[in-house]
Amino acid sequence: MRGVWTALITPFNEKNEIDLPAFRAILKEQVAAGISGVIPCGTTGESPTLSIQEKKILICTAVEELKNTPTQVVAGTGSNNTEESIEFSVWAAQQGVAGVMLVTPYYNKPSQKGLEAHFKKIADALPCEVIIYNVPGRTGISLTPETIVNLASHERSEPG
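Below is a summary of the structure that appears in this document. (Residues numbered from 1 in each chain as written. Predicted model: local features only at pLDDT ≥ 70, side-chain atom pairs only at ≥ 80, totals over all residues. Heavy atoms only, no water.)

### Quick notes on the overall build of the protein chain
Per the secondary structure count, the protein chain includes six helices and five strands. Secondary structure elements in the protein chain, listed N-terminal to C-terminal, are β-α-β-α-β-α-β-α-β-α-α. Taken against the 2.2 N^0.38 rule, which gives 15 Å for 160 residues, the C-alpha radius of gyration of the protein chain at 15 Å falls within 12% of a compact globule. Each principal axis of the C-alpha atoms in the protein chain carries an extent, and together these give about 45 × 35 × 25 Å. Burial status across the protein chain gives 41% buried among its 160 residues. Residue pairs at least 24 apart in sequence account for 74% of intrachain contacts in the protein chain once pairs closer than 6 positions are excluded. For the protein chain, the exposed surface amounts to about 8,700 Å²; the carbon and sulfur share of it is 51%. (Helix = DSSP H or I, 4+ residues; strand = E, 2+ residues; numbered from the N terminus. Rg over C-alpha atoms; globule rule 2.2 N^0.38 Å. Buried < 20%, exposed > 50% of the residue type's maximum accessible area, 1.4 Å probe, protein only. Contact = heavy atoms within 4.5 Å. Areas by Shrake-Rupley, 256 points an atom, 1.4 Å probe, with all protein chains shown as cover.)

As structure tokens, then:
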């Protein structure tokens, strides 16, 4: 994946519900700006506080709104639960996302081997691109350069 990608905010209305008209307007602005892709349900979009149903609404709305445009969707589907991440990522791929973004597992404090196993197991289950989101200030864990090199050598990895 190449180009400029925008991590999207999640707009809310006065009732603290997702403001879908505002979200659609944001998506249209991204297309008009020539953005290569958007990332709903990342941490910029308040993913830790969204329910799975709210995330599904955002992902489906983004895919539907952008389906006849050159702007692609990468959905934030990661969590600290490998099986849950697989299930949600497979669902997102079935909706038509170009890829998924997986945060390093928070709270569990996995070893580097554990991180590697987590990401490889998810990647092996998916037909789409996988982006690893290493944000140690938020998750309390960081991928080492060695682990990143090991993950980059995975059979589904593209040189980049």
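### Regarding the sheet that holds strand β1 (residues 5-7)
Spatially, β1-β2-β3-β4-β5 is the arrangement adopted by the five strands of the open sheet, whose pairing is parallel. Of all the strands in the sheet, just β1 and β5 (129-133) have a single pairing partner and so form its edges. Going across the sheet, the axis of each strand differs from the next one's by a mean of 20°, ignoring polarity. Bridge count between strand β4 (residues 99-103) and β5: five bridges; the pairing is parallel. Looking at the pairing, Met101 lines up with Ile131 of β5. Against the sheet, helix α4 (residues 112-124) touches β4 and β5, its axis set at about 160° to β4. (Pairing = 2+ DSSP bridges. Axes fitted to C-alpha atoms, helices over the stretch in contact; angles between N-to-C directions.)

### Things to note about the state of the cysteines
Within this structure, the stated rule accounts for zero disulfides. No disulfide involves Cys41; its nearest neighbouring cysteine sulfur is the one of Cys60, lying 9.8 Å away. (Disulfide = S-S within 2.5 Å.)

### A look at the packing of aromatic side chains
If you walk through the whole model with that rule in mind, you get one aromatic pair. Where Phe88 meets Trp91, the ring centres are 5.8 Å apart and the plane angle is 15°; that geometry is what we call stacked. Here Phe88 and its partner Trp91 are both found in helix α3 (residues 82-95), three residues apart, which amounts to about one turn of the helix. Taking relative accessible area as the criterion, Trp91 reaches 16% and is therefore assigned buried. The side chain of Lys56 reaches across the aromatic face of Trp91, ending 5.1 Å from its centre. (Phe/Tyr/Trp six-rings, centres within 6.5 Å; stacked < 30°, edge-to-face > 60°. Lys NZ or Arg CZ within 6 Å of the ring centre and 35° of its normal.)

### Some thoughts on the packing of helix α2 (residues 52-66) against α3
At a minimum axis distance of 10 Å, the contact between α2 and α3 shows a crossing angle of 25°. Considered as vectors, α2 and α3 are oriented roughly parallel to each other. For the element pair α2 and α3, the recorded crossing hand is right-handed. Contacts between α2 and α3 involve Lys55, Lys56, Ile59, Cys60 and Val63 on the former and, on the latter, Phe88, Trp91 and Gln95. (Parallel < 35°, antiparallel > 145°, perpendicular 65-115°, else oblique. Left-handed = near helix turned anticlockwise from the far one by under 90°.)

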